[in-house]
Structure formats: C-alpha cells, structure tokens
Amino acid sequence: MSAPTPASSPAPVRDVRPARPRRRRPGSGWVPRQHGAWAMLVVPPVVGGVLGGWSWRHVLLLVAWLVGYLAYHAAGLWLRSGRRPRYRGPVVTYGAVGLVLLAALLAVAPRLLVWAPAFLPLLVVSLVASVRRADRSWWNDTVTVLAAALLTPVAAGLGTGDPAPRTVWTATAVLAAYFLGTVPYVKSLIRERDDPRVRRASVAYHLVVAAVGAVVHPLLGCVGALLALRARLVPHRWPQVRPAVIGAGEVVATLVVTAAVLLVV
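The shown structure was predicted, so the numbers you read here are calculated from the model rather than taken from an experiment.

**Focus on a nonpolar patch on the surface**
- Nonpolar side chains collect at one region of the surface, where Val124, Val125, Val128 and Trp139 lie side by side and expose about 310 Å² of accessible area between them.
- Relative to the helices and strands, Val125 resides in helix H4 (residues 116–131).
- On the basis of relative accessible area, Val125 is assigned to the partly exposed category, the value being 33%.

What follows is the structure, encoded as structure tokens:
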C-alpha cells in the first residue's frame, strides 16, 4: 500500500480561536493614571489661598496634599490588587513622605487638626471602596470630590487675611457642585455611555445646579447653563469622543468655573 500523496494528505488544522484581548495592566502605583483628578486636587486649595491671602504655608499645604494623594492612590491600588508586593513600594514611600509633610504642616498650623473628623471618615470610606474594588463607584467618586472641595476652607484658614465664612463656604459649595457634576458627565462619555439613564441624570443634575447658581449670582447661572448644555450635547453629538479630548474639555471648564467663583465671591 503506497503512502498517501500530498494531495490526499489531510490539511493541517489551524488554530482559529480568536485571540484573547489583552488586559490592561494596572499601573505600577508610582504615577496615577487619573489625569483628570489633578485639577480637582489643585483648584480648591488655590481658590482658598486666594480668598484667605497667600502665605508660605500654602506651599506646604499643597505639597503635602498632593503627596497625600499619591499615597492614597498607591494604597488604593495595593488594596485592590490583594496586597501584592509589587505595589508596596509606592505605598511605603509616598506614605512616609506624606506623614513627614503632614507633621511639618501641623507643627506650623496645629489648628488644622480640627479638620480631622471631616477627612478621616471620607478616607476610610474610600479605602473600603478600594478593598471592595468599587473605586469607580458613584459613592466613592462622591466621597473623593467632597474631600477635595474641603481643601477650600482649609486653605482659606491658613491665609494672612480673614475672609468671611459665607464667602469661603459659597466658593466651596460651587466647586463641590461643579466637580460632583463631572462624575455623571464623564461616566456618560466613557464607562456608562451606553446607559441613557446616566445621560439623563447628568443633564438633570446640571440643570438643577444652574438654577441654584442663578439664585446665588447670574454669572454662576450662566456658567451652569453652559455646563448643562455640554452635558446634553456632547454625549449625543460625539459619543465616541476620546478621553484626551474629554480631559482637555474638563481643563477648560474648570478654568471657567474657577474664574467665575473668584469673580463672584
């Protein structure tokens, strides 16, 4: 019996299984990937510094706050990973530097300890969200926004002047309302862009904020109306907008809101 010819030999079976999508590996913990968070971190203490009168202590506050954020981000990533050793370095390094800066800040401004009851629960809630891998949840986003907004009165209290409490808390409320609005807006463009309920919630929230802002000052009402228009148009006209474009738009919107706050208060 002769050997089979090449023409009669069975063809080799190719592996036609679809390639597995590459999973996006989390960062190392040293450099946060949430680039949009920096505006939310910087604007409140800057506004507070302007309202309270600049002091050299604001530099220490801002550096300690930013290093604290780096430590918080690294700790959250470490907790979400199941405490993997590869993420321990940023936690220890940023945590140690942050504690030194915090100690220096409290040494020159011990009255800042009065804010501990406000910040500690927010920090605990957010870290619990990291343990539960719910760092992208609505409630965790709300907690982080509130913590950032509170830097406005903290910075105002470190100044050389004596701003009216109503002025400081009005600025705090406006910034908190704006940054809270970025939560549903950004979700309607990225993670939950296929959910019409998120788009409707984003528009409704911005309309309410615009109405309340108009009562406080016409300029705030105008800015709020523009943000509501953005929340309505962008997800419908540009549903596939790139994150870089979203980030650029957020920078512009943040600058406009910051300018409005400083002009009004």
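**Considering H4**
- The end-to-end C-alpha separation of H4 is 22 Å, in line with the 22 Å expected for 16 residues at 1.5 Å each.
- Here H4 has its buried residues at Phe119, Leu122, Ser126, Ala129 and Ser130. Within H4, the buried residues cover an arc of 100° as seen down the axis, which keeps them to one side. Across H4 from its buried face, at more than 90 degrees, point the exposed residues Pro117 and Leu120.
- Residues of H4 that are buried in the fold lie against helix H2 (56–80), helix H5 (138–149) and helix H6 (151–156).
- Looking one or two places after H4, you find Arg133, whose phi comes out positive at around 55°.

**Describing the packing of H4 against H5**
- Close contact between H4 and H5 brings their axes to 9 Å; oriented N to C, the two are set at 150°. Taken together, the axes of H4 and H5 are roughly antiparallel relative to one another. Crossing geometry of H4 relative to H5 is assigned as left-handed. Side by side, H4 and H5 meet where Phe119, Leu122, Val125, Ser126 and Ala129 of the first sit next to Trp139, Asn140, Val143, Thr144, Leu146 and Ala147 of the second.

**Comments concerning the nonpolar core**
- Ranked by internal contacts, the top residues of the largest apolar core, which has 45 residues, are Phe119 and Val257.
- Among the elements that line this core, the one with the most residues is H2, at nine residues.
- Every residue in contact with Phe119, bar those within four places of it in the chain, is listed here: Trp65, Ala147, Leu150, Leu151 and Val154.
- Counting seven residues, the second-largest nonpolar core is a separate cluster that includes Leu189, Val203, Ala231 and Val234.

**Some details on helix H1 (residues 37–52)**
- Under the 1.5 Å per step criterion, the end-to-end length of H1 is 24 Å for 16 residues, consistent within 8% with the ideal 22 Å.
- Every buried residue belonging to H1 is among Ala37, Met40, Leu41, Val43, Pro44, Pro45, Val47, Gly48, Gly49, Leu51 and Gly52, and all of these are buried.
- Each element contacted by the buried residues of H1 is listed here: H2, H5, H6, helix H7 (165–187) and helix H10 (243–264).
- In the stretch just after H1, Gly53 is the one whose phi turns positive, near 90°.

**Some remarks on the packing of H7 against H10**
- Across the interface, H7 lies against H10 with an axial gap of 11 Å and an inter-helix angle of 160°. In terms of axis orientation, H7 runs roughly antiparallel to H10. By crossing handedness, the relation of H7 to H10 is classed as right-handed. Taking contact as the criterion, the partners of Ala171, Val174, Leu175, Tyr178, Phe179, Thr182, Tyr185 and Val186 in H7 are, on H10, Ile246, Glu250, Ala253, Thr254, Val257 and Val261.
- Here the residues of the contact of H7 with H10 sort into 11 nonpolar, two polar and one charged.

Conventions and cut-offs
- Residues numbered from 1 in each chain as written.
- Predicted model: local features only at pLDDT ≥ 70, side-chain atom pairs only at ≥ 80, totals over all residues.
- Heavy atoms only, no water.
- Patch = residues over 30% accessible without salt bridge, like charges linked within 9 Å, V, L, I, M, F, W, Y side chains within 5 Å.
- Areas by Shrake-Rupley, 256 points an atom, 1.4 Å probe, with all protein chains shown as cover.
- Salt bridge = Lys/Arg side-chain N within 4 Å of Asp/Glu carboxyl O.
- Helix = DSSP H or I, 4+ residues; strand = E, 2+ residues; numbered from the N terminus.
- Buried < 20%, exposed > 50% of the residue type's maximum accessible area, 1.4 Å probe, protein only.
- Expected span 1.5 Å × (residues − 1).
- Arc of directions from axis to C-beta.
- Contact = heavy atoms within 4.5 Å.
- Axes fitted to C-alpha atoms, helices over the stretch in contact; angles between N-to-C directions.
- Parallel < 35°, antiparallel > 145°, perpendicular 65-115°, else oblique.
- Left-handed = near helix turned anticlockwise from the far one by under 90°.
- Core = buried A, V, L, I, M, F, W, Y, C linked by side-chain atoms within 4.5 Å.
- Nonpolar A, V, L, I, M, F, W, Y, C, P; charged D, E, K, R; others polar.

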